Amino acid sequence: MDVRENHEELVEEVLFTEKQVQQAADRCAEWLRGIIQNQSCVLVFYMLEGCRRFAEMLNHRLLRAGVDKELIPIRTSSYNETTQCSEVVKIEDDHIQKDQLQGRTIVLIDDILDTGGTMNSVRKRMLEYGADKVQICVLLEREIERKVNIKADMAGLKTQRAEYLAGVGLDYKGMLRELPYIAVIE
Ligand SMILES: O=P(O)(O)OC[C@H]1O[C@H](OP(=O)(O)OP(=O)(O)O)[C@H](O)[C@@H]1O
Ligand code: HPA
């Protein structure tokens, strides 16, 4: 793809290389495989749009390890093509059979745990539907003070950097999701 079309001119710095991202996905897939194989009836959800690419990476690795597990998408949005998290998180979960969540262990997967607003809202919703336990796995966790009490059970990568990031599903105003590495945006 043409560099301009890819908007790579917006990249200030590569924070995590493609290789580091791939290795992080290996670690997360291994963690997820353990959860799926050691507990019965685990349901795994991932958050669109940003997490599509990470979910594909996990799915690919699970299949390679002989684990054929459905990863179920849920559409959430809180940034709406801005760089500010809105207080209201939209969750589209009409396609989920709520009675199937009763007493189950749920794994929630996302590309980034930042303010925690998105994950907190989805976790709350799952517990309201009767889930027994919610585990969280993200490609990248921003290690910051959060208003909400939430932490990843598994984070492939961690950063204390405060700048807006893009790549591997993370978008900057709708751009840069396709970058194979995670970048700091100018
Ligand atoms: O921890 P938080 O501060 O809530 O941020 C994390 C969420 O923000 C992004 O999604 P966004 O709402 O931008 O939608 P998208 O997945 O369509 O990019 C990202 O994909 C996470 O889902
Ligand atoms: O730093 C970020 N970049 C892209 N999307 C995000 N969603 C939460 N934080 C971020």
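Each chain carries its own residue numbering, running from 1 in the direction its sequence is written. Chain labels run from A onward and ligand labels from 1 onward, assigned in the order the entries are written. In keeping with the predicted nature of the model, local features appear solely for residues at pLDDT of at least 70, side-chain atom pairs appear and are counted solely at 80 or more, and the whole-chain, interface and lining totals rest on all residues. Where side-chain values are given, they derive from all heavy atoms of the structure, hydrogens and water being excluded.

- The name an unreviewed UniProt entry assigns to the protein chain is Hypoxanthine-guanine phosphoribosyltransferase, from the organism Sedimentisphaera cyanobacteriorum.

1. Considerations on the overall build of the protein chain
Right, so step 1: When its secondary structure is counted, the protein chain shows three helices and nine strands.
Right, so step 2: In terms of overall dimensions, the protein chain is globule-like: its C-alpha atoms have a radius of gyration of 16 Å, near the 16 Å expected for 186 residues.
Right, so step 3: Exposure was quantified through the Shrake-Rupley algorithm and a 1.4 Å probe, taking into account, for residues, occlusion by the shown protein chains and nothing else. Of the roughly 9,700 Å² of accessible surface on the protein chain, a fraction of 44% belongs to carbon and sulfur atoms.
Right, so step 4: Neither His nor the chain ends contribute to the count of charged residues, in which Lys and Arg are positive and Asp and Glu negative. Think of each charge as sitting on NZ of Lys, CZ of Arg, CG of Asp or CD of Glu. Positive and negative charge centroids in the protein chain, built from 25 and 32 side chains respectively, lie 4 Å apart. Comment: elements are numbered from the N terminus, with helices defined as DSSP H or I runs of at least four residues and strands as E runs of at least two. Radius of gyration here uses only the C-alpha atoms, and the compact-globule reference equals 2.2 Å multiplied by the residue count raised to the power 0.38.

2. So, helix α1 (residues 18–38)
Every α-helix carries 3.6 residues per turn, so stepping three or four residues along brings you back to the same face.
Right, so step 1: Expected span of a helix: the number of residues minus one, times 1.5 Å. Across its 21 residues, α1 extends 30 Å between first and last C-alpha, which sits within 8% of the 30 Å expected from 1.5 Å per residue.
Right, so step 2: Each residue is placed in one exposure class: buried if its accessible area under a 1.4 Å probe, protein chains only, is under 20% of its type's maximum, exposed if it is over 50%, and partly exposed if it falls in between. Of all the residues in α1, the buried ones are Val 21, Ala 24, Ala 25, Cys 28, Ala 29, Trp 31, Leu 32, Ile 35 and Ile 36. Seen end-on, α1 carries its buried residues on one side only, within an arc spanning 170°. Counted as exposed and oriented over 90 degrees from the buried face of α1: Lys 19 and Asn 38. The directions from the helix axis to the C-beta atoms are what the arc is built from.

3. Regarding the sheet that holds strand β8 (residues 165–166)
Right, so step 1: Pairing between strands requires that DSSP locate at least two bridges from one strand to the other. Taken in spatial order, the three strands line up as β1-β9-β8 in an open sheet, and their pairing is antiparallel. The two strands at the open ends of the sheet, each matched to only one other strand, are β1 (11–16) and β8.
Right, so step 2: Sheet topology note: the β1/strand β9 (residues 182–185) ladder contains four bridges and is antiparallel. Note that in β9 the partner of Phe 16 across the bridge is Ile 182.

4. Re the nonpolar core
Right, so step 1: In plain words, nonpolar cores are sets of buried Ala, Val, Leu, Ile, Met, Phe, Trp, Tyr and Cys residues tied together by side-chain atoms within 4.5 Å. Judged by nonpolar contacts, the single largest core of 36 residues is most densely connected at Leu 32, Phe 54, Ile 109 and Ile 182.
Right, so step 2: Breaking this core down by element, the ones donating at least two residues are β1, α1, β2 (43–48), α2 (52–64), β5 (105–113), β6 (133–142), β7 (154–159) and β9.
Right, so step 3: Per-element accounting of this core gives the leading share, nine residues, to α1.
Right, so step 4: Note on contacts: a residue pair qualifies if any of its non-hydrogen atoms lie within 4.5 Å across the two residues. Those residues in contact with Phe 54 that lie beyond four places of it in its chain are Ala 25, Cys 28, Ile 109, Asp 110, Val 138 and Leu 139.
Right, so step 5: Core analysis: the next-biggest nonpolar cluster, separate from the first, contains 23 residues, Val 122, Met 126, Ile 136 and Ala 155 among them.

5. Some remarks on helix α3 (residues 117–128)
Right, so step 1: An ideal rise of 1.5 Å per residue puts 16 Å on twelve residues; α3 measures up with 17 Å between its terminal C-alpha atoms.
Right, so step 2: For α3, the complete set of buried residues consists of Gly 117, Thr 118, Met 119, Val 122 and Met 126.
Right, so step 3: Gly 130 sits one or two positions beyond α3 and adopts a positive phi of about 105°.

6. Remarks on the site of ligand 2
Right, so step 1: For this description, a residue counts as near a given molecule or strand if any of its non-hydrogen atoms is within 4 Å of it. The full set of residues close to ligand 2 is Tyr 79, Ile 112, Asp 114, Arg 142, Tyr 164, Leu 165, Leu 170 and Asp 171.
Right, so step 2: Pairing of N or O atoms within 3.5 Å defines a polar contact, subject to two protein rules: one partner must be a possible hydrogen donor and the other a possible acceptor, and residues neighboring in sequence count only if both atoms are side-chain atoms. Taking Asp 114, its side chain carries an N or O atom lying 2.6 Å from a nitrogen atom of ligand 2.
Right, so step 3: In this structure, Tyr 164 approaches ligand 2 through a side-chain N or O atom, which is 3.1 Å from a nitrogen atom.
Right, so step 4: When ligand 2 is considered free in solution it has 260 Å² of accessible area, and contact with the protein chains removes 92% of it.
Right, so step 5: Put simply, Ala, Val, Leu, Ile, Met, Phe, Trp, Tyr, Cys and Pro go in the nonpolar bin, Asp, Glu, Lys and Arg in the charged bin, and everything else, Gly too, in the polar bin. Of the residues in the shell around ligand 2, the class split is five nonpolar, no polar and three charged.

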